[in-house]
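Analysis of the macromolecular model
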Amino acid sequence: RVPQVPLSAEEMAELYQELSRHPGLSAASLGPDVTTQYGGKYCSLYTEWSQRDLARAENVKFCRQYLIFHDGASIVYSGPAGTCSEIKDELLSRESPSGALKAVLRKVPGKEKEKEKQFLEVWDQNRKVKSIDLTALDKHGSVYDDDQFGCLAWSHSETHLLYVAEKKRPKAESFFQSKAPELGPSDEDAGRPGKDDAPLKVGSPSPGPVGAGGSSHGADGTVLQGEQFVYYEDWGEALSTRSVPVLCALDIEGSSISVLEGVPEHLSPGQAFWSPGDTGVVFVGWWHEPFRLGLRHCTNRRSALFYVDLTGGRCELLSEDTRAVWSPRLSPDRCRIVYLENDALGPHQQCSRLRMYDWYTKHTSTVLEAVPRQAWGTFPGIYCGALPGLCWAADSRRLVLDTAQRSQQDVFVVDTVTGATTSLTADAPQGSWSVLTIDRDILVARFSTPSCPPTLKVAVLPGAGREAQVQWVCLQDAPPVPGISWGIRTLQPPPEQEHPQYGGLDFDAILLRPSEGPAAQKPPLVVMPHGGPHSVFTAGWMLYPAALCRMGFAVLLVNYRGSLGFGQDSVASLPGNVGTQDVRDVQLCVERVLQEESLDAGRVALVGGSHGGFLACHLLGQFPDTYHACVVRNPVVNIASMVAATDIPDWCLTETGLPYAPDTLPDPAQWTEMLCKSPMRYVDQVRAPVLLMLGEDDRRVPPKQGLEYYRALKARGVPTRLLWYPGNNHALAGVEAEADGFMNMALWLLKHLRC
């Protein structure tokens, strides 16, 4: 049943609950090939999904297995093996190279007043063979399970596991603490790497935290007085518990943990794996001097690729040390490492370079350069947060990746020798494709559209030169959501709005509209610019737009100039022009759509988060006659007041068009420029009612930004309401906050658009 506008609150809640049950596909891994008695081959496919559970107010993870029969050139038959089951308390998991073992990092609730524990487990085909209580061993703090630093890597010999954890901090006490009895020698040695750690030739943990408040004392187990309230820097939004990462290794047979030595003190290591021959560890090291900046979604932080030799503790630089690098991936023949590279500082997201390091010749080459302009039929450039964990073809020459191509996301195969690229989804349905894994040339991908939740696809990668003949097979379908039609339109700015240096740039918008019911005739319009600003809406499944469309709203997702997927020139055109170029692009798109589509121009609203909220607030003030309601989530409203409170002060200056240096304060003219480019400049012109949603723990756009706007609107008599979400950060992605946010947004739009 397609709902009619207006809906009751109960009907909206029912609609949201129905759509929120569609699961997201997050990970996949292929088991080893098995040969049948008839000579055929098959392998198992393990997949992980996540789903919102509104009753429990949490995201639940579950797994499902499939069987894939193949002949090495094509999928002969594929299908599910059994039903799905929930995954409990797994933080990380990784199968060994042979597929015979699996490592799992698990959290276990503490008993009574005990804190939560972490266990590292090793499983074989039908039992748990190791369970190591990492918390009890006390060699380090919590293990990192994020996708920024975190890893769980098997050695090639399958005898050791590598991971990243928080460095153990020295114990601290008050100057007035009652003295305990003297500790015996056995107690003093607690937490030190012992003789069991000898196989990896590692010693005690590296010195204490580096940076503000760092101290090198206390690593020997002594208790430090007056250190209780020392400030430890962290890595900002979504990484507030990450401060000083260390590389750690588990000797599986000996059940011993070692904290690896040799990482320079000015670096924070992560994304590590074992080098060829297991002689050492390759890792990405991020500079954290003079202080740490936010790292989440910031692929512009100075970093480089390093190798630390475990036999001698020597650390070797493998890449340039003036750039930003991430996502290193070792080829199956263990000869080459590919990684992504950006310029340090500048826009937080850019068109990236693909670089390759040859382990034996020590030569680094550029496989793919940044692409200045996107052109159909050619490779659009690399715009992705990370390469797939397994991305290499079996020939150790080609690799697969997904990237934004304007308002779609497509999969490409890259020849690392010639730099040639071929689309693997050019003849497939239009939408959003993501690579989950490739192993022995069996390719696993996720596909969705604005009206179709995520589906699971598999294919065999054809041989070199025949990649375009790839045949995708759907392994797990999802029925399309009825009542939603969508399309992509391209817009060209008028001559007077062209960028003087980057002329000729165009941009896209994705329009969803109801396809059934009375609202389909002339629906109200919700305009949603994305955040970033260097981000992109791709034509994939998104809960909020789909739910709004099912309610009877048309939804306009605008990829203004500066979005990813349109070439580096588009990215470079926006810094220095925020508040004008991006605002005009959105307004041009709205006016054009209202002219060309059957929409109700008297009922137009804005919805946006972060930089999308920045644009929504700008549009309210600059074009007050167009918009009649607004909902913003953690919006940037005053760049000048944000710069001293955010985890990314460089963003404030870069997007304003000003140079950033950590040891330089803005001068009065620069403060003025930041304020002039902010929505607060136009607050006197705002008339439309505004609903604000703020995350209490937001480090990126601190909630004081939204409070500042709330007070300004209240003082001017503009109808406004503020929702404050404890325990939520910038994304407002907690299940309860997301659901409550949708309901309040929908009710606000219905009320003020008079639906």
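Rules behind the numbers
Residues numbered from 1 in each chain as written. Predicted model: local features only at pLDDT ≥ 70, side-chain atom pairs only at ≥ 80, totals over all residues. Heavy atoms only, no water. Helix = DSSP H or I, 4+ residues; strand = E, 2+ residues; numbered from the N terminus. Contact = heavy atoms within 4.5 Å. Phe/Tyr/Trp six-rings, centres within 6.5 Å; stacked < 30°, edge-to-face > 60°. Buried < 20%, exposed > 50% of the residue type's maximum accessible area, 1.4 Å probe, protein only. Expected span 1.5 Å × (residues − 1). UniProt positions renumbered as here; feature names shortened; annotations may be inferred. Polar contact = N/O pair within 3.5 Å; in protein donor to acceptor, adjacent residues only side chain to side chain. Lys, Arg positive; Asp, Glu negative; His and termini not counted. Salt bridge = Lys/Arg side-chain N within 4 Å of Asp/Glu carboxyl O. Pairing = 2+ DSSP bridges. Axes fitted to C-alpha atoms, helices over the stretch in contact; angles between N-to-C directions. Core = buried A, V, L, I, M, F, W, Y, C linked by side-chain atoms within 4.5 Å. Parallel < 35°, antiparallel > 145°, perpendicular 65-115°, else oblique. Left-handed = near helix turned anticlockwise from the far one by under 90°. Nonpolar A, V, L, I, M, F, W, Y, C, P; charged D, E, K, R; others polar. Disulfide = S-S within 2.5 Å.

1. Overview of the environment of valine 590
- With respect to the secondary-structure elements, valine 590 resides in helix H6 (residues 581-596).
- Here the alpha-carbon distance between valine 590 and valine 526, two residues 64 residues apart in the chain, equals 9.7 Å.
- Residues in contact with valine 590, not counting those within four places in the same chain, are Leu525, Val527, Leu556, Thr626 and Tyr627.

2. Describing the packing of aromatic side chains
- Here the structure, examined in full by the defined rule, presents 15 aromatic pairs.
- When the ring of phenylalanine 283 is compared with that of phenylalanine 306, the centres are 5.5 Å apart and the planes differ by 20 degrees; the resulting orientation is stacked. With phenylalanine 283 in strand S18 (residues 280-287) and phenylalanine 306 in strand S19 (residues 303-309), this pair connects stretches of sequence that are 23 residues apart. Accessibility assignment for this pair places phenylalanine 283 and phenylalanine 306 in one class, buried.
- Ring centres 6.0 Å apart and planes at 50 degrees place the aromatic pair tryptophan 287 and phenylalanine 306 in the tilted group. Of the two residues, tryptophan 287 sits in strand S18 while phenylalanine 306 sits in strand S19, which places them 19 residues apart along the sequence.
- Residue classification places tryptophan 287 among the buried positions, given a relative accessible area of 17%.
- Through a chain of ring-to-ring contacts, the aromatic side chains of Tyr144, Phe149, Trp235 and Trp286 assemble into a single cluster.

3. A word on H6
- For H6, built from 16 residues, the straight-helix expectation of 22 Å at 1.5 Å per residue is met to within 8% by its first-to-last C-alpha distance of 22 Å.
- The secondary structure elements touched by the buried residues of H6 are strand S32 (484-491), strand S33 (507-514), strand S34 (525-529), strand S35 (554-559), helix H5 (568-573) and helix H7 (611-622).

4. Looking at the UniProt feature "domain: Peptidase S9 prolyl oligopeptidase catalytic" (unreviewed entry) in the chain
- Under the UniProt annotation, the feature "domain: Peptidase S9 prolyl oligopeptidase catalytic" (unreviewed entry) is placed at residues 547-753.
- Across residues 547-753, the secondary structure splits into 43% helix and 14% strand, with the terminal C-alpha atoms separated by 17 Å.

5. A look at unusual backbone geometry
- With omega at 0 degrees, the peptide bond leading from glutamate 289 into proline 290 counts as cis.
- Note that proline 290 resides in the loop between S18 and S19.
- Look at the link from glycine 532 to proline 533: it is a cis peptide, with omega at 0 degrees.
- Among the secondary structure elements, proline 533 is positioned in the loop between S34 and helix H4 (543-551).
- With a phi close to 55 degrees, serine 255 is a non-glycine residue in the positive phi region.
- If you trace the backbone, serine 255 turns up in the loop between strand S15 (245-251) and strand S16 (256-259).

6. Topic: the side chain of serine 243
- Mapping serine 243 onto the fold places it in the loop between strand S14 (224-225) and S15.
- In this structure serine 243 comes out as buried when scored by relative accessible area, which is 3%.
- Of the polar contacts made by the side chain of serine 243, one reaches the backbone oxygen of glutamate 233; its length is 2.6 Å.
- Other than its neighbours up to four places away in sequence, serine 243 contacts Tyr144, Glu166, Arg169, Tyr232, Glu233, Asp234, Trp235, Ser268 and Arg292.

7. Brief notes about the side chain of lysine 102
- Locating lysine 102 in the fold gives a position in strand S8 (residues 102-108).
- Salt bridges are absent for the buried lysine 102, whose nearest opposite-charge side chain, glutamate 90, sits at 4.9 Å.
- In this view, lysine 102 contacts Tyr46, Ser93, Arg94, Glu95, Glu121, Val122, Trp123 and Trp154; residues no more than four positions away in its chain are not counted.

8. Digging into the sheet that holds strand S10 (residues 128-133)
- With antiparallel pairing, the four strands of this open sheet are ordered in space as S7-S8-S9-S10. Strand pairing shows two members of the sheet lacking a second neighbour, strand S7 (90-95) and S10, which therefore form its edges. The mean angle between the axes of side-by-side strands here comes to 15 degrees, regardless of whether they run parallel or antiparallel.
- The pairing of strand S9 (residues 117-123) with S10 spans five bridges and is antiparallel. Residue pairing for S10: glutamate 121 is matched across the bridge by serine 131.

9. Focus: the nonpolar core
- Residues Leu525, Val527, Leu556, Leu620 and Tyr709 are the most contacted members of the largest nonpolar core, which totals 56 residues.
- Those residues in contact with tyrosine 709, other than ones at most four positions away along the chain, are Cys617, Leu620, Val637, Met680, Val683, Val686 and Leu692.
- Counting residues in hydrophobic clusters, the runner-up holds 44 residues, among them Tyr16, Met542, Ala547 and Ala605.

10. Description of the packing of helix H1 (residues 9-20) against H4
- In contact at an axis separation of 10 Å, H1 and H4 are set at 135 degrees when each is read in the N-to-C sense. Looking at the two axes, H1 sits oblique to H4. Note on packing geometry: the crossing formed by H1 with H4 is right-handed. Where H1 abuts H4, its residues Met12, Leu15, Tyr16, Glu18, Leu19 and Ser20 lie against Leu543, Tyr544, Ala546, Ala547, Arg550 and Met551.
- Classifying every residue of the contact of H1 with H4 gives nine nonpolar, one polar and two charged.

11. Concerning the environment of arginine 699
- Within the fold, arginine 699 resides in the loop between strand S38 (690-695) and helix H11 (704-715).
- Accessibility expressed as a relative area gives 29% for arginine 699, which makes it partly exposed.
- Taking the C-alpha atoms as reference points, arginine 699 and proline 372, separated by 327 residues in sequence, lie 32 Å from one another.
- Arginine 699 has contacts with Asp234, Gly236, Glu237, Ser240, Ala645, Thr646 and Asp647, leaving out every residue within four places of it along the chain.

12. Re the sheet that holds strand S11 (residues 152-154)
- With antiparallel pairing, four strands are arranged side by side in an open sheet as S11-S12-S15-S16. Because the sheet does not close on itself, it has two edges, and the strands there are S11 and S16. Shown here is a sheet whose adjacent strand axes are inclined to one another by a mean of 25 degrees, direction ignored.
- Taken together, the four bridges between S15 and S16 define a ladder with antiparallel strand orientation. Across the sheet, cysteine 248 pairs through a bridge with valine 259, a residue of S16.

13. Digging into the state of the cysteines
- What the rule picks out here adds up to zero disulfides.
- Of the cysteine sulfurs around cysteine 248, a residue in no disulfide, the closest is that of cysteine 151, at 9.3 Å.
- The exposure class assigned to cysteine 248 is buried, which follows from its relative accessible area of 0%.
- Note on cysteine 335: no disulfide assigned, nearest cysteine sulfur contributed by cysteine 391 at a separation of 15 Å.

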